[in-house]
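# Structural description and commentary
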Amino acid sequence: MKRSRPLKRKTKRSEPKRQDTEGVDLRSIDDDPVVQGILTAISQKRLKPGAKLGEDKLAAAFGTTRIHIRQALAHLASRKVVMQIPNRGAFVYRPSWEEAQDIFAARRIIETATVAAAIDRLDRSGKAELKAHMELEAQHDRNDRWASLSLTAEFHILVAKLGGNRVLLDMSRELMLRTSLAIATFEQPGEPDCSPDAHPDIGALILARDKAGAIDAMRHHLEEMEQRIRPQQDKDEVDELTAIFREIGARARAAG
Ligand SMILES: [Zn+2]
């Protein structure tokens, strides 16, 4: 019975300390424009796995300080979107082949759950939101590749949102980003994550409250996506990796 009070006070007491001198509020770092900008660029595949994220260039691009950039990069590293290498800086995260497979395995579990929950909770406003999104995808000019890449990711996030579980929604957001990194690493860059024809089917099955059908369609969609990635990396990617780790490798040899 007494539990809620101290917890509340503790939160209140610690929060003001999190405001740092650069004006970055760590409680809302996910909404930070630098964090959001980098996440968008990754989900749109403009920033590719292994790409260097130079603090000076980012500070200039966002019109902010290096300290602010460093905090944003540290946060993104904690979310497995950025990798930080001592003395080399920050890079867009490049998942291993095993990790790429784990990402798809996790999506199969999470998204069969979110699609079922979306059907259970589907109400008038949820239906309208889903229909509006499907309309957007259908009407979208496929030549506008960047926007279309974001739209297909948003379909999956919308399904999770309609499911009403915030934890699953957060996990879905993270998995969408990690999927983009996995596909960009193990498939041709610039390709969309989703096959464009799958969403109308899944959407229609959700609207028809056909739970078994929708789960099946989602599972099939994810399987198709996973089949497009291959363990072999092409030469360019290997060269890029070589460049990233050259200095570290040399140092490791020197130290040993
Ligand atoms: Zn999709």
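Above this text sits the structure in question.
Residues numbered from 1 in each chain as written. Predicted model: local features only at pLDDT ≥ 70, side-chain atom pairs only at ≥ 80, totals over all residues. Heavy atoms only, no water.

As a further point, take the overall build of the chain. Secondary structure summary: the chain contains eleven helices and three strands in total. For the chain, the α and β elements follow one another from N to C terminus as α-α-β-α-α-β-β-α-α-α-α-α-α-α. The buried share of the chain, taken over its 256 residues, is 41%. Roughly 14600 Å² of accessible area belongs to the chain as shown, and the carbon and sulfur atoms make up 52% of that amount. (Helix = DSSP H or I, 4+ residues; strand = E, 2+ residues; numbered from the N terminus. Buried < 20%, exposed > 50% of the residue type's maximum accessible area, 1.4 Å probe, protein only. Areas by Shrake-Rupley, 256 points an atom, 1.4 Å probe, with all protein chains shown as cover.)

Two strands pair when backbone bridges link them, and strand β1 (residues 52–53) and strand β3 (residues 89–92) are joined in this way by two bridges, in the antiparallel orientation. Paired with L53 across the bridge in β3 is A90. Summarising the sheet, strand β2 (residues 82–85) and β3 pair through four bridges and their orientation is antiparallel. Paired with M83 across the two strands is F91, which belongs to β3. Count of turn residues in the β2/β3 antiparallel hairpin: three residues, of which N87 carries a positive phi of about 70°. (Pairing = 2+ DSSP bridges.)

Attention shifts here to a positive patch on the surface. A surface patch of positive charge is lined by R124, K127, K131 and R209. When you line up the elements, K131 lands in helix α6 (residues 124–139). (Patch = residues over 30% accessible without salt bridge, like charges linked within 9 Å, V, L, I, M, F, W, Y side chains within 5 Å. Salt bridge = Lys/Arg side-chain N within 4 Å of Asp/Glu carboxyl O. Lys, Arg positive; Asp, Glu negative; His and termini not counted. Charge placed at Lys NZ, Arg CZ, Asp CG, Glu CD.)

Below, the discussion takes up the environment of I110. Checked against the element boundaries, I110 lands in helix α5 (residues 97–121). Considered as a pair, I110 and L175 are 65 residues apart in the sequence and their alpha carbons are 9.3 Å apart. When neighbours within four sequence positions are excluded, I110 is seen to be in contact with L168, M171, S172 and L175. (Contact = heavy atoms within 4.5 Å.)

A separate point is helix α9 (residues 198–207). Those residues of α9 not exposed but buried are A198, H199, I202, G203 and I206. The buried side chains of α9 occupy one side of the element, clustering within an arc of 120° when seen end-on. A positive phi of about 55° marks R209, the residue just after α9. (Arc of directions from axis to C-beta.)

Bringing the pattern of salt bridges into the picture now. A complete count under the given rule lists ten salt bridges for this structure. In this structure, the salt-bridge partner of R70 is E55, at a minimum N-O distance of 3.2 Å. With R70 in helix α4 (residues 66–78) and E55 in helix α3 (residues 55–62), this pair connects stretches of sequence that are 15 residues apart. With relative accessibility at 41%, the residue R70 sits in the partly exposed group. Several salt bridges share partner residues, and in doing so they unite E55, D56, R66 and R70 into one network.

None of this, on its own, says anything about what the molecule does.
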